[in-house]
Amino acid sequence: MNLPGFPVVRPRRLRTSPALRRLVAETSLNISQLVLPLFARSGKKLRRPVNAMPGVFQMSPDEIVREATAAHDLGIPAVLLFGIPDKKDAKASGAYARNGIVQQTTRLLKKELPSLLVITDVCLCEYMEHGHCGIVHQGRILNDPTLKLLARTAASQAEAGADIVAPSDMMDGRVRAIRAELDNAGLIDTPIMSYAAKFASAFYGPFREVAESAPSFGDRRSYQMDAANANEAIREVALDVQEGADMVMVKPALAYLDIICRVKQEFGLPTAAYAVSGEHAMIKAAAANGWVDERAVTMESLLAMRRAGADILITYAAMEVARWLKS
Ligand code: PBG
């Protein structure tokens, strides 16, 4: 760039009034970009707070509808649904049961709020007795046999009415398996939002308490990505796109802005950033201590994700953010 330089050029000229700053703003936050994660478990009028995440609850389907209605009324276009089953086993039966908790809740949501998008998380960890995202044999997480279960899970969710399915397991080839199963079932118009670049992150800690999905042995490093790798993230996304992902996600968000930026630039697909549980918890904790301004810090973080290239923002603060954007 060939700028004439000071004193002819004065960048501060465009910062002299709120209206001028607004006129030249390059990025914006909008309610239409927000997705609210929700956690369903069986019961009635159940709203169970979780220690690690203030403001986040395990909710029975009727309460999920209440919460989703509030989100919908604020203009939030979508919720992301997770399930906590009554029983866990070694083949994650609850994940693809016709009347599983996510399937039930999805049916209810689509009946009560047909215009709210329901995105369902496709994973097995919440439904497995060992808490891993795949079938375990002799201490190893098996890839190919797991694909069938993931595909069944996605199809059963889509049959229950899910508008978008979002696989978060990080098995190789799962997008292809899910696409094939959906197409087989005639669900050719159900998009896949793949957690394409999902890192093995300590920022998921609080989520595992909410979803009751912490692995009972070992960790997730044999399937989720190493935080050191950026080129590999591009390969992961390329594979998912090749296999039929309609949208891609980078997760976590704030510590991986470089990945969001490269993914958006290379593929140009609708790109989601997931501001995960630990990111949310850090802001909440600091704000509760009076150390940071919760609203300002939350908005600045989300704006950074937008600037990096994220189109869709998945955040536990979606309702608060929507209220702030309206006020
Ligand atoms: C399930 C899943 C996880 C998250 C979303 N889907 C946890 C994990 O991989 O252990 C994390 C979300 C969050 O931390 O907010 N595989």
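Just so we're clear, the structure is a prediction, and the values are computed from it rather than from any experiment.

Scoring rules and cut-offs
Note on numbering: residues in each chain are counted from 1, in written sequence order. Only residues with pLDDT of 70 or above have their local features reported here, since the model is predicted, and side-chain atom pairs are shown and tallied only from 80 upward, although totals for entire chains, interfaces and linings are computed over all residues. As a convention, hydrogens and water are excluded, and side-chain values are obtained from all of the structure's heavy atoms. In this text, near means that some heavy atom of the residue lies within 4 Å of the molecule or strand in question. As used in this structure description, the phrase polar contact means that two N or O atoms lie within 3.5 Å; if the pair is within protein, one of them must be able to donate a hydrogen and the other to accept it, and residues adjacent in sequence are counted only when both atoms belong to side chains. With residues, only the protein chains shown are counted as cover, and all accessible areas are computed by Shrake-Rupley using a 1.4 Å probe. Classes in brief: Ala, Val, Leu, Ile, Met, Phe, Trp, Tyr, Cys and Pro nonpolar; Asp, Glu, Lys and Arg charged; the others, Gly included, polar. Counting from the N terminus, the helices are DSSP H or I runs at least four residues long and the strands are E runs at least two residues long. Exposure is judged per residue with a 1.4 Å probe applied to protein chains only, and the accessible area is read against the type maximum: over 50% gives exposed, under 20% gives buried, and values in between give partly exposed. In this description, a nonpolar core means a group of buried Ala, Val, Leu, Ile, Met, Phe, Trp, Tyr and Cys residues linked to one another through side-chain atoms lying within 4.5 Å. By the convention used here, residues are in contact when the closest approach between their heavy atoms is within 4.5 Å. Only residues whose relative accessible area exceeds 30% and that form no salt bridge are eligible for patches; like-charged ones are grouped when within 9 Å, while nonpolar side chains (Val, Leu, Ile, Met, Phe, Trp, Tyr) are grouped when within 5 Å. Note on definitions: salt bridges are taken to be side-chain nitrogens of Lys or Arg within 4 Å of carboxyl oxygens of Asp or Glu. Expected span, for any helix, means 1.5 Å times one less than how many residues it has. Lines fitted to C-alpha atoms define the axes here, with helix axes fitted over just the stretch in contact, and angles between the N-to-C directions of these axes take values from 0 to 180 degrees. Reported orientations rely on four angle classes, namely roughly parallel under 35 degrees, roughly antiparallel over 145, roughly perpendicular from 65 to 115, and oblique for the rest. It is the rotation of the near helix from the far one that decides the hand of a crossing: anticlockwise by less than a right angle makes it left-handed, clockwise makes it right-handed. Two strands are said to pair when DSSP picks up at least two bridges between them.

*Asks:* Help me understand the site of the ligand in this model?
*Replies:* Close to the ligand lie 18 residues, the nearest being K198, R208, K251, S277 and Y316. Between the ligand and the protein, one listed contact pairs an oxygen atom with a side-chain N or O atom of R208 at 2.6 Å. A distance of 2.5 Å is found between an oxygen atom of the ligand and a side-chain nitrogen or oxygen belonging to Y316. Contact with the protein chains hides 100% of the accessible area of the ligand, taken as 400 Å² for the molecule alone. Counted by class, the shell around the ligand contains 10 nonpolar, 3 polar and 5 charged residues.

*Asks:* Looking at this structure, I do not really get unusual backbone geometry. What am I missing?
*Replies:* In terms of backbone geometry, most residues other than glycine have negative phi values and most peptide bonds are trans. Following F6, the chain continues into P7 via a peptide bond in cis, with omega recorded as 5°. Note that P7 resides in the segment before α1 (18-23). A cis amide bond, omega -5°, links K251 with the succeeding residue P252. Tracing the backbone through its elements, the reader meets P252 in the loop between β10 (247-251) and α9 (257-267). The phi dihedral of E212 falls on the positive side, at around 50°, and the residue is not glycine. Tracing the chain through its elements places E212 in the loop between α7 (205-210) and α8 (231-243). Judged by its relative accessible area of 33%, E212 is partly exposed.

*Asks:* Whenever I open this one, the nonpolar core confuses me. Can you help?
*Replies:* One broad trend across soluble globular proteins is that nonpolar side chains are buried collectively. L38, V79, L109, L182, I259, M305 and L313 are the most contacted members of the largest nonpolar core, which totals 80 residues. With 7 residues, helix α5 (residues 144-159) is the largest single contributor of residues to this core. Contact partners of L182, with chain neighbours within four places excluded, come to A154, A155, A158, V165, L187, I188, T190 and I192. Counting 26 residues, the second-largest nonpolar core is a separate cluster that includes V35, M53, V56 and V210.

*Asks:* What is the right way to read a nonpolar patch on the surface from this model?
*Replies:* Together, L14, L23 and V24 make up an exposed nonpolar region whose accessible area comes to about 300 Å². When you line up the elements, L23 lands in helix α1. According to the relative accessible area criterion, L23 is exposed, its value standing at 68%.

*Asks:* Any chance you could explain helix α4 (residues 101-112) here in plain terms?
*Replies:* In an α-helix there are 3.6 residues to a turn, and that puts residues three or four apart on one side. With 12 residues, α4 should cover 16 Å at 1.5 Å per step; its first-to-last C-alpha distance of 16 Å lies within 8% of that length. Residues I101, V102, Q103, T105, T106, L109 and K110 constitute the buried set of α4. Against β1 (34-41), α2 (61-74), β4 (78-84), α3 (93-96), β5 (117-122) and α5 lie the buried residues of α4.

*Asks:* In this structure, what is going on with the packing of α4 against α5? I would like to understand it.
*Replies:* At their nearest, the axes of α4 and α5 sit 8 Å apart, and the two run at 25° to each other. The angle between α4 and α5 places the two elements in the roughly parallel class. Handedness of the crossing formed by α4 with α5: right-handed. Every residue of α5 that contacts α4 at V102, Q103 and T106 is listed here: T153, S156 and Q157. Among the residues forming the contact of α4 with α5, the class breakdown is 1 nonpolar, 5 polar and no charged.

*Asks:* Got a minute to help me understand the pattern of salt bridges in this structure?
*Replies:* Any two side chains of opposite charge can pair if their charged atoms end up close together. Under the counting rule described, the total for this entry stands at 14 salt bridges. Salt-bridge contacts for E294 lead to K284; the nearest nitrogen and oxygen are separated by 2.7 Å. Here E294, found in helix α11 (residues 294-308), pairs with K284, found in helix α10 (residues 277-288); they are 10 residues apart in sequence, far enough to count as distant.

*Asks:* What's the story with the packing of α11 against helix α12 (residues 318-326) in this structure? I'm lost.
*Replies:* To describe two helices that pack against each other, one gives the angle between their axes and the distance between the axes. At a closest axis distance of 11 Å, the pairing of α11 and α12 adopts a crossing angle of 100°. In terms of orientation, α11 lies roughly perpendicular with respect to α12. From α11, E294, R295, T298, M299 and L302 reach across to α12, where they touch E320, V321, W324 and L325.

*Asks:* Would you explain the pairing of β4 in this entry?
*Replies:* Among the 7 residues that make up β4, 7 are buried, leaving the element largely enclosed by the rest of the structure. The two faces of β4 match: A78, L80, F82 and I84 on one face and V79, L81 and G83 on the other face are all buried. Pairing between β4 and β5: 4 bridges, direction parallel. Within β5, the position partnered with V79 by the bridge is V118.

*Asks:* In this structure, what is going on with the environment of L147? I would like to understand it.
*Replies:* One can find L147 in helix α5. You can call L147 buried: its relative accessible area is 14%. Note: C-alpha distance between L147 and R174 (27 residues apart in sequence) is 5.6 Å. If we skip the residues at most four places from it in the chain, L147 touches M171, D172, G173, R174 and A177.

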